[in-house]
Every structure is written in C-alpha cells, then in structure tokens.
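Listed below, chain by chain, are the residues.
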Amino acid sequence: MDLPDRPLCDALAAYAHTAAHLPGTPCRCASGRVGVLADRDDGTVVRHGHLVAKAHAPGTDPAEHRARIALAAHPDLRGILLAPLPGPGHGEPDGRPVSLWPYGAPVDPADPDAAPWEEAAALLALLHRTPPPEGPAAGPLPAMRAPVKVALAVDRMRRTAPDHPAAATVLAAWRSVPDRAPADGPRLLCHGDFHLGQLVRGPGAPGSWLLIDVDDAGLGDPAWDLARPAAWFAAGILPPEVWSRFLDAYRAAGGPAVGADPWAELDVPARALTVQTAALAVAKSTAEGRALDEVEDVMIDTCARIAGHRTDSAAVAST
C-alpha cells in the first residue's frame, strides 16, 4: 500500500515507524501492514505493523482532545473503547494532534451478513450505562459532537453546493427538525459518531469488538448513537430485521437511550442524521463532479418526506 505524496502522510508514517520499532531495529513489516487507512478532512490514519497513528482534524480543541483520549484510556471503559498507546513524542504535523493506537481488524464491508449489529448494540449500551469518570486528569469531558456535526454538514453544503438541485430539499428538512440538542436533555457517555466503521476486533482479545474514534465522544443524549441506523431503517436502507436485531440487543444489554416506544427518543436524532447524510452527499458529489448515487438519492427522498411532516411528534417517525 503506497503512501500518498503528502507531507502530512509522510510525517505520520515516520511517527508510526518510530513508535513501532526500537531505535536501530530494522523494519520487517510486510507491505500490506504499512500504509494509509484513511485520509479525510476530519483525520488521517496511517498503519505501521501493529500500530496505527492518527492525525486529528485541523482546529481540534486541545483540551477537549486530551479529555477524550483520557476517556478512551480510562480503566472503566476497558472492553468498550479501544485504549490509546503512549507515543514516541508529541508530534503535531500541520499543528494537528497525533495519537497512537493498537491496530484492530475492522468490520468486513464485503460481508454484510456478518456485520456485528448485536455486538455493536451491546457495546453502546455498556458505554451509555458507564458513569462518566469523575475528576479526569485531562479535564472535564466535553459535550458529544453529534448535533454539532449535523449543523457543520449543512453549513458545508450551503457553502460548496448552494445551487445543487437537492440543496433546497435538504434545507427544508433541516428547518423542520426541532432543537437538535436541548439543554435539559440526558448527559450520559456517548460515542457521538457511531456506525459500523467505528468497530474493530480487540487486538488483545481475539474475537471481541471495541469502539474506536473518540473524536466526537462526550456527554449527551445517547439516542444520537442509535440515530444513524435508525435513519437508515426509516429510509429503507437497513432491513427491518437487522434494525430489530440491533434494537433488541441494545435493550437486552440495558441500554438507556430508548423506552417502550423507541421513536419517542429517536425521532429527532434520526431525522437530523438523515439531513446530515444528505447534506454531505450533496457537498461531496458536487466537489467530485458526479451525480448522486442510488443510496444518496434515497436520503434526499427521505429529506423530502421529513420536510413534509411535523417533527415534534413521534407518531410519524416510522413513516
């Protein structure tokens, strides 16, 4: 796997190499175990052997970042969140904080039938049930960022694709969604950006799954962690039987996000996540000079349905 010709990737690769090997020790890592795993606006991730180095998003708040890394390292979250590793130094290429992690095998996108929906639901329930650690050395936990990310996605679409034919539909859906983060809502531990790409098999416990990527973690309403699969189900992308398995597993593990009628809590977050997905689809397709794909079209159609209904009632949540 070749590294892109970018200074950031080169610097991150050097950081990962230094962390993976003792000084003077030659690298014998196979080529398939060295390379870029992700290179996006919100983070660049490079693997070297059994380690992964991540340069976090530009503009990351240093205090919030330290609190989130400390949360992932806290013993109360062992078996739920992948714990970070100490790095060889405080490398900050392009002024971006860098963290170091053990490599864990991700969910296989080529085998959707084996997707660990139940395991993911149980991990989320455990996370939501874990009391926030008191007095962390890195400072107080910030709010989880899910509602903020929806607004950022809409702003990105407004800036980069204001004339896209679907932009008006997405904005109409956004205007119809009530307050995305009420001040009097729950304050539980949340992941903040859950999807199946946020799972890896624990490197120290073969067969177990752990949640990764704490960049959006913090205190808030745990319904937001169920919002993406709920939105996919409502849009017809996630099969009803898979959604039922996920929701049943979450409830069986004592998850506190939903009650007897799950849509009473999920309605607003699921609709907001639909808007976020659609807004990003419009922005990215415009930047790439392509038409919306089939799944993206489904999310735009779902936004049209959202815009045509009041969203302060859970009675229409499953339509």
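Below, the structure is looked at part by part.

A closer look at the overall build of the chain
When helices and strands are counted, the chain shows 9 helices and 8 strands. Buried positions account for 47% of the 319 residues belonging to the chain. Pairs at least 24 residues apart make up 72% of the contacts formed inside the chain by residues separated by at least 6 positions.

Remarks on unusual backbone geometry
One non-glycine residue with positive phi stands out, namely Asp 213, at about 65°. Tracing the backbone through its elements, the reader meets Asp 213 in the loop between strand E7 (209-211) and strand E8 (218-220).

What about the pattern of salt bridges?
Applying the stated criterion across every chain yields a total of 12 salt bridges. When the shortest N-O distance is used, the salt bridge between Arg 245 and Glu 118 registers 2.6 Å. Here Arg 245 is found in helix H7 (residues 240-252), whereas its partner Glu 118 is found in helix H3 (residues 117-129), with 127 residues between them in sequence. Linking Lys 149 and Asp 216 is a salt bridge whose minimum nitrogen-to-oxygen distance equals 3.0 Å. Residue Lys 149 is found in helix H4 (residues 146-160), and its partner Asp 216 is found in the loop between E7 and E8; the two are separated by 67 residues along the sequence. Judged on exposure class, the residue Lys 149 and its partner Asp 216 are both buried. Within this structure, Arg 145, Lys 149, Asp 193, Asp 216 and Arg 228 form a network of salt bridges that share partners.

A look at the nonpolar core
Val 170, Leu 211 and Leu 226 are the most contacted members of the largest nonpolar core, which totals 77 residues. The greatest single-element share of this core, amounting to 11 residues, is contributed by helix H8 (residues 263-288). For Leu 226, the residues in contact, after removing those within four places along its chain, are Leu 124, His 128, Trp 243, Phe 246, Leu 247, Tyr 250, Ala 257, Val 258 and Leu 266. Membership of the second largest hydrophobic core comes to 14 residues, among which are Ala 13, Ala 20, Val 46 and Leu 51.

A look at the sheet that holds strand E2 (residues 43-48)
Read from one edge to the other, the open sheet built from 4 strands follows the order E1-E2-E3-E4, with strand pairing classed as antiparallel. The sheet is open, and its two edges are formed by strand E1 (34-40) and strand E4 (98-102), each paired on a single side. For this sheet, the mean angle separating the axes of adjacent strands, direction not counted, is 20°. As defined by bridge partners, E2 adjoins strand E3 (residues 51-56) across 6 bridges and the pair is classed as antiparallel. Across the sheet, Thr 44 pairs through a bridge with Ala 55, a residue of E3.

Digging into the pairing of E4
Across a regular strand the side chains alternate sides, sitting on one face of the sheet and then on the other. Burial analysis of E4 places 5 of its 5 residues in the buried class, the great majority of the element. The alternating pattern of E4 places Val 98, Leu 100 and Pro 102 on one face and Ser 99 and Trp 101 on the opposite face, and all of these are buried.

A few points about H4
Given a rise of 1.5 Å per residue, 15 residues ought to cover 21 Å, and the 21 Å separating the end C-alpha atoms of H4 matches this to within 8%. For H4, every residue scored as buried is listed here: Ala 146, Pro 147, Lys 149, Val 150, Ala 153, Val 154 and Met 157. Viewed along the axis of H4, the buried residues span an arc of 165°, placing them on a single side of the element. The inward-facing, buried residues of H4 contact helix H5 (167-176) and H8.

Concerning the environment of Cys 190
Tracing the sequence through the fold places Cys 190 in strand E5 (residues 188-190). A residue is classified by how much of its surface remains accessible, and Cys 190, at 2% relative accessible area, is buried. Between the C-alpha atoms of Cys 190 and Asp 225, which are 35 residues apart in sequence, the distance is 6.7 Å. Filtering out sequence-adjacent residues up to four positions away, Cys 190 remains in contact with Leu 127, His 128, Met 144, Ala 217, Gly 218, Gly 220, Asp 221, Pro 222 and Asp 225.

So, how was this worked out
One numbering rule holds for all chains: residues counted from 1, following each sequence as written. Reporting in this predicted model follows two pLDDT cut-offs: at least 70 for local features of residues, and 80 or more for side-chain atom pairs to be given and counted; totals over whole chains, interfaces and linings ignore these cut-offs and use all residues. In computing side-chain values, all of the structure's heavy atoms are included and hydrogens and water are not. To qualify as a helix, a DSSP run of H or I must reach at least 4 residues; to qualify as a strand, a run of E must reach at least 2; elements of each kind are numbered from the N terminus. Each residue is placed in one exposure class: buried if its accessible area under a 1.4 Å probe, protein chains only, is under 20% of its type's maximum, exposed if it is over 50%, and partly exposed if it falls in between. In this description, contact between two residues means that some pair of their heavy atoms is separated by no more than 4.5 Å. The salt bridge criterion pairs a side-chain nitrogen of Lys or Arg with a carboxyl oxygen of Asp or Glu, the two atoms within 4 Å. As used in this record, nonpolar core signifies buried Ala, Val, Leu, Ile, Met, Phe, Trp, Tyr and Cys residues forming a set joined through side-chain atoms within 4.5 Å. Note on pairing: DSSP must find at least two bridges between two strands before they are called paired. Every axis in this analysis is a line fitted to C-alpha atoms, fitted for helices over the stretch in contact. Angles between the N-to-C directions lie between 0 and 180 degrees. Multiply 1.5 Å by the residue count of a helix minus one, and that product is the helix's expected span. Comment: arc refers to directions from the helix axis out to C-beta atoms.

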